[in-house]
Amino acid sequence: MSTKTELSPEQKEELLTLLKARFEKNRNRHAGIDWAKVQARLEANPAKLWSLDDMETTGGEPDVVGYDQQTDEYIFYDCSAESPKGRRSLCYDHAALESRKEYKPANSAVEMASDMGIELLTEEQYRALQQLGTFDTKTSSWIQTPAEIRKLGGALFCDRRYNTVFVYHNGAESYYAARAFRGSLRV
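Remember, it's a predicted structure, so these values are computed and weren't measured experimentally.

A. Molecular detail of the overall build of the chain. Within the chain, the secondary structure is distributed over seven helices and eight strands. Here the C-alpha atoms of the chain give a radius of gyration of 16 Å, agreeing with the 16 Å that 2.2 N^0.38 yields for 187 residues. With the C-alpha coordinates of the chain rotated into their principal frame, the extents come out at 50 × 40 × 30 Å. Residues classed as buried in the chain amount to 48% of the 187 residues present. Counting 25 positive and 29 negative side-chain charges, the chain places the averaged centre of each group 4 Å from the other.

B. Looking closely at the state of the cysteines. In total, this model carries zero disulfides according to the counting rule given. There is no disulfide at Cys 91, and the cysteine sulfur nearest it, in Cys 158, is 18 Å away.

C. Region of interest: the pattern of salt bridges. What the rule picks out here adds up to ten salt bridges. Put simply, Arg 127 and Glu 123 hold a salt bridge, and the shortest N to O gap is 3.1 Å. Taken together, the positions of Arg 127 and Glu 123, both in helix 6 (residues 123–130) and four residues apart, correspond to about one turn of that helix. When the shortest N-O distance is used, the salt bridge between Arg 182 and Asp 136 registers 2.9 Å. One end of the pair, Arg 182, is in the loop between strand 7 (179–181) and strand 8 (183–186); the other, Asp 136, is in the loop between helix 6 and strand 4 (140–142), with 46 residues separating them in the sequence. By relative accessible area, which is 1% here, Arg 182 ends up buried. Salt bridges here are not isolated pairs; linked through shared partners, they connect Asp 68, Glu 73 and Arg 186.

Definitions and cut-offs
Residues numbered from 1 in each chain as written. Predicted model: local features only at pLDDT ≥ 70, side-chain atom pairs only at ≥ 80, totals over all residues. Heavy atoms only, no water. Helix = DSSP H or I, 4+ residues; strand = E, 2+ residues; numbered from the N terminus. Rg over C-alpha atoms; globule rule 2.2 N^0.38 Å. Buried < 20%, exposed > 50% of the residue type's maximum accessible area, 1.4 Å probe, protein only. Lys, Arg positive; Asp, Glu negative; His and termini not counted. Charge placed at Lys NZ, Arg CZ, Asp CG, Glu CD. Disulfide = S-S within 2.5 Å. Salt bridge = Lys/Arg side-chain N within 4 Å of Asp/Glu carboxyl O.

Structure (structure tokens):
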């Protein structure tokens, strides 16, 4: 049975097997990175494994997309073709959720990401992800929104249409069945 921050040995083995298979299938996302080193880092960080499992169970299909030499961290992003199904119909953040008088969604993107131990992608990260494949052609994903936009009630989201990445705005309290969020995790 998993706790909030640690997987059982069986869950850990199952997740590592799945992540390794995805890593090997999508080598273009992480050229020059050795899976054995990634796995060793994951095994030494049970809380990060728990976060990756949460990313997986909500439909994110996390995969390694880079390595930060300055911080000595491997970087994972949600790499599902469309925004993760288990994270859709969320408004942007807690303040937006609280501002809704009726028809409140179950949660907000920022809160859910925090509960999972991950961060919403930035616009720059979202654009970098789109260089690794074609994502969100039918859905959209909330991204980190600058404070000055959020103070005015807005929030940003992205998608890919016409082979182009678009950044849009919406009221932070809005939510849609085809909008979720993509996360990043450093290990």
